[in-house]
Amino acid sequence: MSKIYHLSTCSTCKKILEEIKAKERGIALQDIKKEKITPEQLEEMHALAGSYEALFSRRSQQYRPMGLHEKTLTEHDYRDLILQEYSFLKRPVGVAAGRIFIGSEVKQM
């Protein structure tokens, strides 16, 4: 089953979902603000992406205020931060047929 993790208030996510006609194609959508990412879902994304860092967004408004730009983060740190704060997941993330699409790559789904 194809699934896209997105943020309904994100204009980029909205644009991409419309562009690929996600609803019309029957792709399952999960608004990560309303329905938190589970550790199991993140593990699946990690297995496909190869690292948590690839899934981590440094554009989050929490990144600088938390002083993360001054730290060297580990894979474990990236994992924990994504699970704690939904805005640390790069968006949107699409999973389909054993492949992962992160950010604007979702357009290729």
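This one's a predicted model, so the numbers in the text were calculated from it and none came from an experiment.

Another point: the packing of helix α2 (residues 39–49) against helix α3 (residues 75–84). At their nearest, the axes of α2 and α3 sit 11 Å apart, and the two run at 135° to each other. Taken together, α2 and α3 sit at an angle that is classed as oblique. The two elements α2 and α3 meet at a crossing, and its hand is right-handed. Taken together, the residues of α3 that come into contact with α2 (itself represented by Pro39, Leu42, Glu43 and His46) are Glu75, Arg79, Ile82 and Leu83. Here the contact of α2 with α3 is composed, by residue class, of four nonpolar, one polar and three charged.

Okay, the environment of Phe56 next. Within the fold, Phe56 resides in the loop between α2 and α3. C-alpha of Phe56 to C-alpha of Leu81: the two residues are 25 residues apart in sequence and 8.5 Å apart in space. Beyond its immediate chain neighbours, meaning those up to four positions away, Phe56 contacts Tyr63, Leu68, Leu73, Tyr78, Leu81, Ile82, Phe88 and Lys90.

This next bit is on the sheet that holds strand β1 (residues 3–6). With mixed pairing, the four strands of this open sheet are ordered in space as β2-β1-β3-β4. The sheet is open, and its two borders are formed by β2 (28–31) and β4 (99–102), each paired with just one other strand. The mean angle between the axes of side-by-side strands here comes to 15°, regardless of whether they run parallel or antiparallel. Across the face of the sheet, α2 comes into contact with β1, β2, β3 (93–96) and β4 while running at roughly 95° to β4.

A few words on the pattern of salt bridges. A side chain with one charge can pair with a side chain of the opposite charge if their charged atoms come near. Within the structure shown, the criterion is met by three salt bridges. The shortest N-O distance in the salt bridge between Arg58 and Glu53 comes to 3.0 Å. Linking Asp80 and Arg79 is a salt bridge whose minimum nitrogen-to-oxygen distance equals 3.5 Å. Given the relative accessible area of 23%, Asp80 is considered partly exposed. It is possible to trace a salt-bridge network through shared partners that takes in Glu43, Arg79 and Asp80.

Let us now look at α2. Looking only at α2, the buried set comprises Gln41, Leu42 and Met45. All buried residues of α2 project into a common sector of 95° when viewed along the axis, lining one side. The exposed residues of α2 that point more than 90 degrees off its buried face are Glu40 and Ala47. Contact partners of the buried residues in α2: β1, β2, α3, β3 and β4. Taken from the residues just after α2, Gly50 is the one with a positive phi, measuring 95°.

What counts, and where the lines are drawn
Residues numbered from 1 in each chain as written. Predicted model: local features only at pLDDT ≥ 70, side-chain atom pairs only at ≥ 80, totals over all residues. Heavy atoms only, no water. Axes fitted to C-alpha atoms, helices over the stretch in contact; angles between N-to-C directions. Helix = DSSP H or I, 4+ residues; strand = E, 2+ residues; numbered from the N terminus. Parallel < 35°, antiparallel > 145°, perpendicular 65-115°, else oblique. Left-handed = near helix turned anticlockwise from the far one by under 90°. Contact = heavy atoms within 4.5 Å. Nonpolar A, V, L, I, M, F, W, Y, C, P; charged D, E, K, R; others polar. Pairing = 2+ DSSP bridges. Salt bridge = Lys/Arg side-chain N within 4 Å of Asp/Glu carboxyl O. Buried < 20%, exposed > 50% of the residue type's maximum accessible area, 1.4 Å probe, protein only. Arc of directions from axis to C-beta.

Keep in mind these values describe shape, not function.
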